[in-house]
Structure formats: structure tokens, C-alpha cells
Amino acid sequence: FLVIIGLATYLASFSMGIGPLAWVIPAEIFSTTIRAKAVSITTFINRVTATFVASSMLSLANAMTWGGYFIYLAATCMV
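Residues numbered from 1 in each chain as written. Predicted model: local features only at pLDDT ≥ 70, side-chain atom pairs only at ≥ 80, totals over all residues. Heavy atoms only, no water.

A.B. asks: Would you explain the overall build of the chain in this entry?
C.D. replies: Of the regular secondary structure elements, the chain holds 3 helices and 0 strands. When the helices and strands of the chain are read in sequence order from the N terminus, they spell out α-α-α. Relative to the globule expectation of 12 Å for 79 residues, the C-alpha radius of gyration of the chain, 17 Å, shows a markedly less compact shape. The principal-axis extents of the C-alpha atoms in the chain amount to approximately 50 × 35 × 20 Å. Within the chain, buried positions represent 8% of all 79 residues. With an accessible surface of roughly 6,500 Å², the chain has 77% of that area assigned to carbon and sulfur atoms. (Helix = DSSP H or I, 4+ residues; strand = E, 2+ residues; numbered from the N terminus. Rg over C-alpha atoms; globule rule 2.2 N^0.38 Å. Buried < 20%, exposed > 50% of the residue type's maximum accessible area, 1.4 Å probe, protein only. Areas by Shrake-Rupley, 256 points an atom, 1.4 Å probe, with all protein chains shown as cover.)

If you want it as C-alpha cells, here you go:
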């Protein structure tokens, strides 16, 4: 039961915070003449990138140790 409450709290917080920005920003920055195609391309790139990160996470973490992997993530966020 505690896990369900934690998951619901996470999802609610994410939805009220930075979560929707991946969908709102592309829809707002493109003109109406190219909006549909541009948003579909940005969504595709978003999903491909997320798939690549999720697929390579374990092998990369095992190759560079977990501490090294988190340092890599921190350095990536700094850029």
C-alpha cells in the first residue's frame, strides 16, 4: 500500500512540475504551419533518446562502476 501511495505522489509531483515540458515547449515554439510535423519529430527524438538511455544504462553502469556512472550523469547534467 505504501508503494502505491509513493508512486501516486511521484506521478502527481512530476505532472505538476517539469514533466509536461517535453510536450508543451515543442507545441509552443513552432508556427502553426509546421507544428504537427515538428512536434512529431521532437517526440520521436525524445522517445529514441529515452530508449537509448534506458537500454544502455545497466551495461554502462557495470562497465564504469555505479559511482563512475553517477559521476558521468552529473557531468552530463552540468553540460
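Further notes follow.
A.B. asks: Just checking my understanding: could you explain the packing of aromatic side chains for this structure?
C.D. replies: Two measures describe an aromatic ring pair: the distance that separates the ring centres and the angle between the ring planes. By the definition in use, this model includes 5 aromatic pairs. Taken together, the aromatic side chains of Trp-66, Tyr-69, Phe-70 and Tyr-72 make up a single cluster linked through ring pairs. (Phe/Tyr/Trp six-rings, centres within 6.5 Å; stacked < 30°, edge-to-face > 60°.)

A.B. asks: Quick question: what am I supposed to make of the confidence of the model for the chain here?
C.D. replies: One rule of thumb: low pLDDT means the predicted coordinates there are not for detailed reading. Summing up the model confidence of the chain, the mean pLDDT is 90 and the portion of residues at 70 or higher is 100%. Across the chain, the element-wise mean pLDDT spans from 87 in helix H2 (residues 21–29) up to 92 in helix H3 (residues 35–78). (pLDDT = per-residue confidence, 0-100.)

A.B. asks: Quick question: what am I supposed to make of a nonpolar patch on the surface here?
C.D. replies: Taken together, the side chains of Leu-7, Tyr-10, Leu-11, Phe-14, Ile-18, Leu-21, Trp-23, Val-24, Ile-25 and Ile-29 define a hydrophobic patch exposed on the protein surface, amounting to about 1,000 Å² of accessible area. When residues of the nonpolar patch are traced back to their parent elements, those giving at least two are helix H1 (2–16) and H2. Top element by residues in the nonpolar patch is H2. It accounts for 5 residues. (Patch = residues over 30% accessible without salt bridge, like charges linked within 9 Å, V, L, I, M, F, W, Y side chains within 5 Å. Salt bridge = Lys/Arg side-chain N within 4 Å of Asp/Glu carboxyl O.)

A.B. asks: Looking at this structure, I do not really get unusual backbone geometry. What am I missing?
C.D. replies: Negative phi values dominate among residues other than glycine, just as trans dominates among peptide bonds. Phi at Thr-65 is positive, roughly 65 degrees, even though this residue is not glycine. By secondary structure assignment, the location of Thr-65 is in helix H3.

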